[in-house]
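# Reading the structure
Residue strings, one per chain:
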Amino acid sequence: VFHLREPSAPWGGGWLWRPGCFPGVPEWRWGSLPPPSHHSPPPGALWICCRVERTNILKRKFLTLLFVKTKWRLCCVSVSYVERCQQHRWRCAAVTFTCPDGGLCQSWVGAIAEQLAAITSRPRRLLIYINPYGGKRQGGRVYEQKVAPLFAQAAISTHVIVTEHANHARDHLRTDAELKKYDGVVCVGGDGMFSEIVHGLIWRTQMDSSLDPNSPDETLTSCSLRIGIIPAGSTDCICFATVGTNDPVTSALHIIVGDSQPMDVCSIHHNNTFLRYSVSLLGYGFYGDVLTDSERKRWMGPVRYDFSGLKMFLTHHYYEGTVSYLPARGVVGTPRDAARCRSGCVVCQHNGPKPSERAEKYETDDCGETIRGKFLAINAASMSCACPRSPKGLSPAAHLADGTTDLILVRKCSRFDFLRHLLRHTNKEDQFDLNFVEVHRVVRFRFMPRHCQSDSDLELDLLENGKRQIFGQICRDHPACGCAPAYSSWNCDGEILTHTAIDVRVHCRLIKLFARGIEEPQVFEDLTNPCAI
Ligand SMILES: Nc1ncnc2c1ncn2[C@@H]1O[C@H](COP(=O)(O)OP(=O)(O)OP(=O)(O)O)[C@@H](O)[C@H]1O
Ligand SMILES: CCCCCCCCCCCCC/C=C/[C@@H](O)[C@H](CO)NC(=O)CCCCC
Ligand SMILES: [Ca+2]
């Protein structure tokens, strides 16, 4: 068999179904839309990638038998398509149509090519960054063996850059990359690598729009290029929470079919200076300490988080400070909802489109809430943060693109209670249904650690809590004492922030991913149907 890919054969997507009137093939029909009689995809009608090949097995066989060449020339059209498997995984499958007539075969190819060319959402040129040191250091191998062949099959042209140092991808995107040449940017690595791409693209977009990223009040311009994630990191929570699985082939197929999922991004500022962007977890206290400790153990690979997690759980530090926030008003949904953000989420559709109106309202609205206290953890989850460690995530009902973040405050409590809270991230129980945990859906918040509070605030504390506690705090601030530290660090999507006093604002749908959100199970229940291709 030899494959003869038509040089002009574009790759794209559409629907294949039966019965129909594809020329010469009574069984199957191809089109860019599903058949009108079906409200949902019929069994077996899946997104398609098309590969054209011409085989001459029979030709060769019969030539030796001195059969006339033209009579026995056999043409095949092989159509590759996406097949849904268990647990949100996608795989590439193929169906081959044989045709005794070369001209007819060419007309099929032409029909398919026409349909595919009409689909503009599919990327044709991608800029790819590979972090060779992420996770288990398998990024390069995963890309070469599992992803590159699929992109080649789909006729996607790629420019691949293997990063040589941290922030290589971010800096290249900020200044050097010729973004007009591409339909998307792909990172092969973990959440840290994704964060680099996000920082590079957002920065570049704001510069191109002459906007000031340092101002927390600036309405930022959304990035036009979509980002693909080939998971090869330690947590890979962005991929898991937007696709439902951490599987390189599945992610590659979502890129090939041109999916698009908008996502909220938080900008973090200190004294009107931009620090970083966050798309998943912004965590002070427990998650900040876990990250600080685990960075020293990078050599351990992904297991470093389990080790540092256990250590920080036993250490049981709490931190004092003040959190002020602006609740998300006029939005549908709360952090305690049973409903989850899924593909085509109606909450995101309802809350998402008018984010700037809400932001303006809040800028002139001074009625933020303020909470002062001792916290084991302060977490802001702009999305569920689901990952293999916690399949429902830090805030299971958070939304990918609703313009809000869920602010979770875990007050000082016993080790036993904190363990109950942590364990509930891994089972069906509600981690917020505890009297020392509160959760608020917000559009903006500030945190001020106690040691940064103004003198007047400290005097107020003195009056409220008595002299002894203030002296206790001063003692803790003193490094030589060996007492509990007065402040933690912020874990911002797996990077440590340089400041503890921060101002955070949510920017609704600032970026887009090559994903579609997690699909509801019934979408792929058809799999078990014997009619499936
Ligand atoms: N060539 C490189 N050498 C060293 N560090 C790099 C290189 N390329 C990227 N990095 C940095 O490595 C860090 C970690 O990478 P990555 O996010 O891919 O894996 P991870 O930390 O294991 O996974 P996760 O973020 O999912 O926990 C990133 O912050 C990135 O800036
Ligand atoms: C004693 C049993 C305890 C079980 C507790 C399980 C709770 C797990 C919640 C996991 C939440 C992950 C949030 C994602 C954060 C990522 O942006 C970040 C970068 O990859 N990862 C970490 O900071 C790594 C954070 C790792 C935390 C352990
Ligand atoms: Ca959100």
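None of these values were measured; they are calculated from a predicted model. Along each chain, numbering runs from 1 in the same order as the chain's sequence is written. Lettering for chains starts from A, numbering for ligands starts from 1, and both go in the order in which the items are written. The model is predicted, so local features are restricted to residues of pLDDT at least 70 and side-chain atom pairs to those at 80 or more, both for listing and for counting; the totals for chains, interfaces and linings are taken over all residues. Side-chain measures were taken over the full set of non-hydrogen atoms in the model, leaving aside hydrogen atoms and water.

## Notes on the packing of helix α9 (residues 286-295) against helix α10 (residues 304-315)
Quick note on the threshold: Convention adopted: a line fitted to C-alpha atoms gives each axis, helices being fitted over their contacting stretch, and angles between N-to-C directions are expressed from 0 to 180 degrees. Numbered from the N terminus, helices here are DSSP runs of H or I no shorter than four residues, and strands are runs of E no shorter than two. Put simply, angles under 35 degrees are roughly parallel, angles over 145 are roughly antiparallel, angles from 65 to 115 are roughly perpendicular, and the rest are oblique. Note on convention: near helix rotated counterclockwise from far helix by under a right angle means a left-handed crossing. Clockwise means right-handed. Contacts are assigned to residue pairs with any non-hydrogen atoms lying within 4.5 Å of each other. Residues are grouped as follows: Ala, Val, Leu, Ile, Met, Phe, Trp, Tyr, Cys and Pro are nonpolar; Asp, Glu, Lys and Arg are charged; all remaining types, including Gly, are polar.
The N-to-C vectors of α9 and α10 enclose an angle of 125°; their axes lie 8 Å apart at closest approach. Relative to α10, the element α9 is oriented oblique. Crossing angle aside, the handedness with which α9 passes α10 is right-handed. Listed contacts from α10 to Phe-286, Asp-289, Val-290, Leu-291, Asp-293 and Ser-294 of α9 are Arg-304, Tyr-305, Ser-308, Gly-309, Lys-311, Met-312 and Phe-313. Classifying every residue of the contact of α9 with α10 by side-chain character gives 6 nonpolar, 3 polar and 4 charged.

## Quick look at α10
Where we set the bar: In this analysis, the expected span of each helix is defined as 1.5 Å times one less than the number of residues it contains. Burial classes: relative accessible area under 20% of the type maximum marks a residue as buried, over 50% as exposed, and values in between as partly exposed (1.4 Å probe, protein chains only). Our arc is simply the arc of the directions from the helix axis toward the C-beta atoms.
Spanning 12 residues, α10 covers 16 Å between terminal C-alpha atoms, matching the ideal 16 Å at 1.5 Å per step. Buried within α10 are the following residues: Arg-304, Tyr-305, Ser-308, Gly-309, Met-312 and Phe-313. Down the axis of α10, the buried set is contained in an arc of 155°. They therefore lie on one face. Residues of α10 that are buried in the fold lie against α9 and α13 (415-423). Phi turns positive, to about 55°, at His-316, one or two residues after α10.

## Quick look at the site of ligand 2
Quick note on the threshold: When we say a residue is near a molecule or strand, we mean one of its heavy atoms is within 4 Å of it. Identification of polar contacts relies on pairs of N or O atoms within 3.5 Å, with a donor-acceptor requirement for protein atoms, meaning one able to donate a hydrogen and the other able to accept it, and with residues adjacent in sequence counted only if both atoms are side-chain atoms. All accessible-area figures derive from a Shrake-Rupley calculation using a 1.4 Å probe, and residue coverage is judged against the displayed protein chains alone.
The full set close to ligand 2 counts 17 residues, and Asp-191, Thr-235, Ser-280, Asn-491 and Asp-493 are the nearest of them. Measuring from an oxygen atom of ligand 2, one finds a side-chain N or O atom of Thr-235 at 3.3 Å. Between ligand 2 and Ser-280, the relevant distance is 3.0 Å, taken from an oxygen atom to a side-chain nitrogen or oxygen of the residue. Protein chains shield 86% of the accessible area of ligand 2, which is 690 Å² for the free molecule. Top contributing element to the shell around ligand 2 by residue count: α13, with 3 residues. Classifying every residue of the shell around ligand 2 gives 9 nonpolar, 6 polar and 2 charged.

## Some points on empty space enclosed by the protein
Here is the rule we go by: Cavity means a closed set of points on a 1 Å grid over the protein atoms alone, one where a 1.4 Å probe fits but cannot get out, pocket means an open set with protein on both sides within 12 Å along at least 5 of 7 lines, and lining means a residue has an atom within 4 Å of a point. Grid points are joined across faces, edges and corners, and a volume is the space filled by probe spheres set on the points.
Taken as a whole, this structure holds 8 cavities of 30 Å³ or more when the rule is applied. In this structure, the second largest cavity spans a volume of roughly 60 Å³. Lining the second largest cavity are Ile-227, Gly-228, Ile-229, Cys-239, Thr-242, Val-243, Ser-251, Leu-513, Phe-514 and Ala-515. Elements with a minimum of two residues in the lining of the second largest cavity: β9 (226-231) and α7 (237-243). In the lining of the second largest cavity, the residues fall into 7 nonpolar, 3 polar and no charged.

## Some details on the coordination of the calcium ion (ligand 3)
Quick reminder of the rule: Each metal's donors are the N, O and S atoms found within 2.8 Å of it, except that Na, K and Ca use a 3.2 Å limit; water is left out, so coordination can look incomplete.
Taken together, the protein donors to the calcium ion (ligand 3) comprise Asp-264 (OD), Ser-382 (O), His-399 (O), Asp-402 (OD) and Thr-404 (O), at separations of 2.3 to 2.5 Å. Written as a sequence motif, the donor arrangement for the calcium ion (ligand 3) is D-x117-S-x16-H-x2-D-x1-T. Of the two residues, His-399 and Asp-402, neither departs from the other in class, the shared state being buried.

## What about the site of ligand 1?
Lining the immediate surroundings of ligand 1 are 23 residues, of which Thr-163, Gly-190, Gly-192, Glu-196 and Ser-234 lie closest. With respect to ligand 1, the backbone of Gly-135 contributes an N or O atom lying 2.8 Å from an oxygen atom. Relative to its unbound accessible surface of 630 Å², ligand 1 loses 88% to contact with the protein. Only α6 (191-208) and α10 provide two or more residues apiece to the shell around ligand 1. Broken down by element, the shell around ligand 1 gets its largest block of residues, 4 residues, from α6. Across the shell around ligand 1, the residue classes tally to 5 nonpolar, 11 polar and 7 charged.

## Re the pattern of salt bridges
Heads up, the condition is: Salt bridges are defined as contacts in which a side-chain nitrogen from Lys or Arg sits within 4 Å of a carboxyl oxygen from Asp or Glu.
Per the stated rule, a full pass over the model turns up 21 salt bridges. A salt bridge links Asp-217 to Arg-444; the nearest nitrogen and oxygen atoms lie 3.0 Å apart. One end of the pair, Asp-217, is in the loop between α6 and β9; the other, Arg-444, is in strand β16 (residues 437-449), with 227 residues separating them in the sequence. When its relative accessible area of 40% is taken as the criterion, Asp-217 is described as partly exposed.

## Looking at the environment of Asp-402
You can see Asp-402 is positioned in the loop between β14 (369-381) and β15 (405-411). One polar contact links Asp-402 to Thr-404, side chain to side chain, over a distance of 2.6 Å.

## Quick look at the pairing of strand β13 (residues 319-327)
Our working rule: By definition, two strands form a pair when at least two bridges between them are found by DSSP.
Taking burial as the measure, the 9 residues of β13 include 8 buried ones, the bulk of the element. Sheet topology places β13 next to β14; 7 bridges connect them, and they run antiparallel. Opposite Tyr-319, over in β14, you have Phe-375 as the bridge partner. Bridge count between β13 and β16: 7 bridges; the pairing is antiparallel.

## Comments concerning the pairing of β9
Along any regular strand the residues' side chains alternate between the sheet's two faces. We apply this condition: Call a crossover right-handed when, viewed with both strands pointing away from you, the route from the first strand across the helix to the second goes clockwise.
Buried residues dominate β9, accounting for 6 of its 6 residues. Side chains Arg-226, Gly-228 and Ile-230 of β9 all project onto a buried face; the interleaved residues Ile-227, Ile-229 and Pro-231 project onto the opposite face, where all are buried too. The pairing of strand β8 (residues 184-189) with β9 spans 6 bridges and is parallel. Bridged to Gly-184 within β9 is Arg-226. Read as a crossover between parallel neighbours, the route from β8 over α6 to β9 is right-handed. Summarising the sheet, β9 and strand β19 (residues 502-513) pair through 2 bridges and their orientation is parallel. The residue bridging Arg-226 from the neighbouring strand is Lys-512, located in β19.

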